[in-house]
Amino acid sequence: KSKEVARLAEAGLSEELYARAVRKFAFEIIQGHGAPARLLCNKDPLLMKYAFSIKQQLFPKSKFIFMIRDGRAVAHSIVSREVRITSVDYKTLGGALRFWNRGMTTMLDECHKLGPSCLQVRYEDLVQHPERVMRGVLSFLGLPWEEAVLHHELAVGKKDGALISNMEPSSDQVKHAIYTKAIDGWREKFPPADLKAAPSIAPLLVELGYAQAN
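Residues numbered from 1 in each chain as written. Predicted model: local features only at pLDDT ≥ 70, side-chain atom pairs only at ≥ 80, totals over all residues. Heavy atoms only, no water.

*Asks:* Even after reading the chapter, I still don't get the state of the cysteines, so can you show me in this structure?
*Replies:* Joining two cysteines, a disulfide is a covalent bond between their sulfur atoms. Counted under the stated rule, the structure contains one disulfide. Paired by a disulfide, C111 and C118 hold their sulfur atoms 2.0 Å apart. Where C111 bonds to C118 through sulfur, the torsion about that S-S bond is close to -105°, and the disulfide is left-handed. One exposure class covers both C111 and C118, and it is buried. Of all cysteine sulfurs, the one in C118 lies closest to C41, which takes part in no disulfide; the gap is 13 Å. A relative accessible area of 65% means that C41 is categorised as exposed. (Disulfide = S-S within 2.5 Å. Buried < 20%, exposed > 50% of the residue type's maximum accessible area, 1.4 Å probe, protein only.)

*Asks:* Please clarify how the packing of aromatic side chains should be interpreted in this entry.
*Replies:* Two numbers describe a pair of aromatic rings. These are the distance of the centres and the angle of the planes. Enumeration over the complete set of coordinates arrives at one aromatic pair. Residues W186 and F190 carry aromatic rings whose centres are separated by 5.5 Å and whose planes lie at 75° to one another, so their mutual orientation is edge-to-face. Residue class for W186 comes out buried when judged on its relative accessible area of 2%. Taking NZ or CZ as reference, R69 lies 4.2 Å from the ring centre of Y123, over its face. The ring centre of Y179 lies 5.5 Å from the NZ or CZ of K181, which sits over that ring. (Phe/Tyr/Trp six-rings, centres within 6.5 Å; stacked < 30°, edge-to-face > 60°. Lys NZ or Arg CZ within 6 Å of the ring centre and 35° of its normal.)

Nothing here speaks to function; it is geometry throughout.
And the structure:
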């Protein structure tokens, strides 16, 4: 890789040139996705795997909100919705749990490297105590409190509101008000054997306090 980078740099295609091109491309996509706004947001969760590089090389003023959720709930969602992710076994709970454990390990490390530019938010805290958590989020972003953040569903599909794609697996959930049933609704659908094996498959469940070690 370093030899290829050096070869391209010799031809005038430096890493900084590539960074500028990617920055402009990403900015145009995010900016053009909705109405003008003070802050621009991209919600692709897998970008967190590259957060430190994104801040260092592309958007130095960027901040990251790292959403953490019980990996068993995530695995159930992936399998039940057949969310296809490259190189991920999306048909088995074990495969989805391994994917979650690998990804979360990387993203936690990225968040730690970012220091004060990364805010960790627990999904369970957000849906059970939305105002408290959202006050912290807005403060982190340097924004004033707005009651509207507690009623996102009212902005879906409205002019200058939230645009969503009906082709996305989770769009049907975004249309609803904040609810708590998804916190542990997956438990009754999780085979007992898989539930028991989960901490061994995904040790991060224990580290994050979601499960006890076997």
